[in-house]
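Below are the chains, spelled out letter by letter.
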Amino acid sequence: MARRTPVTLNVVEHGTGVPVLALHGWTPDHRLMLGCLEPVFAGRPGYRRLYPDLPGMGESPAPPEIAGSDDVLDAVQDLVDDRIGDAPFLLLGESYGGYLARALANSRPDQVRGLALICPMGTAVEKADRRLPQPQVLRPDPDLLASVDARTATEFADLAVVQSPETLRRFREEILTGLDVADTTAMARIRQRWTLSEDPEGGEPFTRPTLVLTGRQDHSTGYLDQFALLPHYPRATFAVLDVAGHNLQIEQPVLFDALVGEWLDRVAAEG
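Residues numbered from 1 in each chain as written. Predicted model: local features only at pLDDT ≥ 70, side-chain atom pairs only at ≥ 80, totals over all residues. Heavy atoms only, no water.

Things to note about the overall build of the protein
Alright, step 1. In terms of regular secondary structure, the protein is built from ten helices and seven strands.
Alright, step 2. Since a compact globule built from 271 residues should have a radius of gyration of about 18 Å, the 17 Å found for the protein is in line with a globular shape.
Alright, step 3. Projected onto the principal axes, the alpha-carbon positions of the protein cover approximately 55 × 45 × 35 Å.
Alright, step 4. Looking at the protein residue by residue over its 271 residues, the buried ones come to 56%. (Helix = DSSP H or I, 4+ residues; strand = E, 2+ residues; numbered from the N terminus. Rg over C-alpha atoms; globule rule 2.2 N^0.38 Å. Buried < 20%, exposed > 50% of the residue type's maximum accessible area, 1.4 Å probe, protein only.)

See below:
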């Protein structure tokens, strides 16, 4: 099949079996998805996990031809063609990656056997249009913030609902590492055409097992705009987790593991 873009995405791959494609959000890199999903798959053999860096993030280039979200989606489509082909696969997306995942599922409804969305963007693409809760820290730790450098403290505190040594450790290892290497010039270019030209929910309803995880205190993507997506996903479990912000995967790891595991069970039961 002819390639849509000149970009070859950097991909980290683990395991063998059913392909699982995991798309991270805006600015971090593959380590966000790898960090939260590998513990889920540790006791589940038979899955081939693919963790790409989106264009302009991590180690994936974003040449001038990548000028908007349509081009980012095309690069992901090329990756599927190159690494998965026509085989059935499972799809997960976090935040902006959830927006892309919805579009990918819409374009490949017979190939995507299950869809999981983690703190996804909802019906409103632009933050100014979203219905968001006020920022709230439920478990503050000012001494912890005072113990780290100013930039780390600022980046962590911007989204953290739970300020603890463990959430800080995971933030540093899984999120901040990606923020440090993002191509901000390329991302500013892509950001000018952030809205996909085709509505991810513009086609037929997606009838495969779906999971939508949102944080009750997520003041980045919220939880109300995602509920409005449910008619398009009749097989969706929709969860709003308390004591969880935009990084709910590190603030509610036990619930995260349980809900993603149950989604994998539902997908497997479909055969």
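Still more ground to cover, so stick around.
Section: the packing of helix α5 (residues 150-159) against helix α6 (residues 165-181)
Alright, step 1. In contact at an axis separation of 11 Å, α5 and α6 are set at 100 degrees when each is read in the N-to-C sense. Our classification of the angle between α5 and α6 gives roughly perpendicular. Residues Arg151, Thr152, Glu155 and Phe156 of α5 form the contact with α6, whose participating residues are Thr167, Leu168, Phe171, Arg172, Leu176, Leu179 and Asp180.
Alright, step 2. Partitioning the contact of α5 with α6 into residue classes produces five nonpolar, two polar and four charged. (Axes fitted to C-alpha atoms, helices over the stretch in contact; angles between N-to-C directions. Parallel < 35°, antiparallel > 145°, perpendicular 65-115°, else oblique. Contact = heavy atoms within 4.5 Å. Nonpolar A, V, L, I, M, F, W, Y, C, P; charged D, E, K, R; others polar.)

Thoughts on the sheet that holds strand β4 (residues 89-94)
Alright, step 1. Reading across the sheet, the seven strands line up as β1-β3-β2-β4-β5-β6-β7 and stay open at both edges, with mixed pairing between neighbours. At either margin of the open sheet sits one strand with a lone partner, and together these are β1 (11-14) and β7 (236-241). Here the average twist between neighbouring strands, direction ignored, is 15 degrees.
Alright, step 2. Pairing of strand β5 (residues 112-118) with strand β6 (residues 210-215) involves four bridges; the strand directions are parallel. Each bridged residue has a counterpart across the sheet, and for Ala116 the counterpart in β6 is Leu211.
Alright, step 3. Packing of helix α1 (residues 31-41) onto the sheet brings it into contact with β1, β2 (18-23), β3 (47-52), β4 and β5, and relative to β3 it is tilted by some 170 degrees.
Alright, step 4. Packing of helix α2 (residues 69-83) onto the sheet brings it into contact with β1, β2, β3 and β4, and relative to β2 it is tilted by some 160 degrees. (Pairing = 2+ DSSP bridges.)

Quick notes on unusual backbone geometry
The phi torsion of most residues other than glycine is negative, and most of the peptide bonds are trans.
Alright, step 1. For Thr27, which is not glycine, the phi torsion reads 95 degrees and is therefore positive.
Alright, step 2. Within the secondary structure layout, Thr27 lies in the loop between β2 and α1.

Let's talk about the environment of Arg151
Alright, step 1. Tracing the chain through its elements places Arg151 in helix α5.
Alright, step 2. Those residues in contact with Arg151 that lie beyond four places of it in its chain are Leu176, Leu179 and Asp180.
Alright, step 3. Polar contacts involving the side chain of Arg151 include one to the side chain of Asp180, which spans 2.5 Å. (Polar contact = N/O pair within 3.5 Å; in protein donor to acceptor, adjacent residues only side chain to side chain.)

Overview of α2
Note: α-helices contain 3.6 residues per turn, so residues at a spacing of three or four share the same orientation.
Alright, step 1. For α2, which comprises 15 residues, the first-to-last C-alpha distance of 21 Å matches the rise-based estimate of 21 Å (1.5 Å per residue) to within 8%.
Alright, step 2. Immediately downstream of α2, the backbone of Gly85 shows phi near 70 degrees, a positive value. (Expected span 1.5 Å × (residues − 1).)

Brief notes about the packing of α1 against helix α10 (residues 253-269)
Alright, step 1. As a packed pair, α1 and α10 sit with axes 10 Å apart at the nearest point and diverge in direction by 60 degrees. Crossing angle aside, the handedness with which α1 passes α10 is right-handed. In this structure, α1 contributes Cys36, Leu37, Val40 and Phe41 to the contact, and α10 contributes Phe256, Asp257, Val260, Gly261 and Leu264.
Alright, step 2. Tallied by class, the residues present in the contact of α1 with α10 amount to seven nonpolar, one polar and one charged. (Left-handed = near helix turned anticlockwise from the far one by under 90°.)

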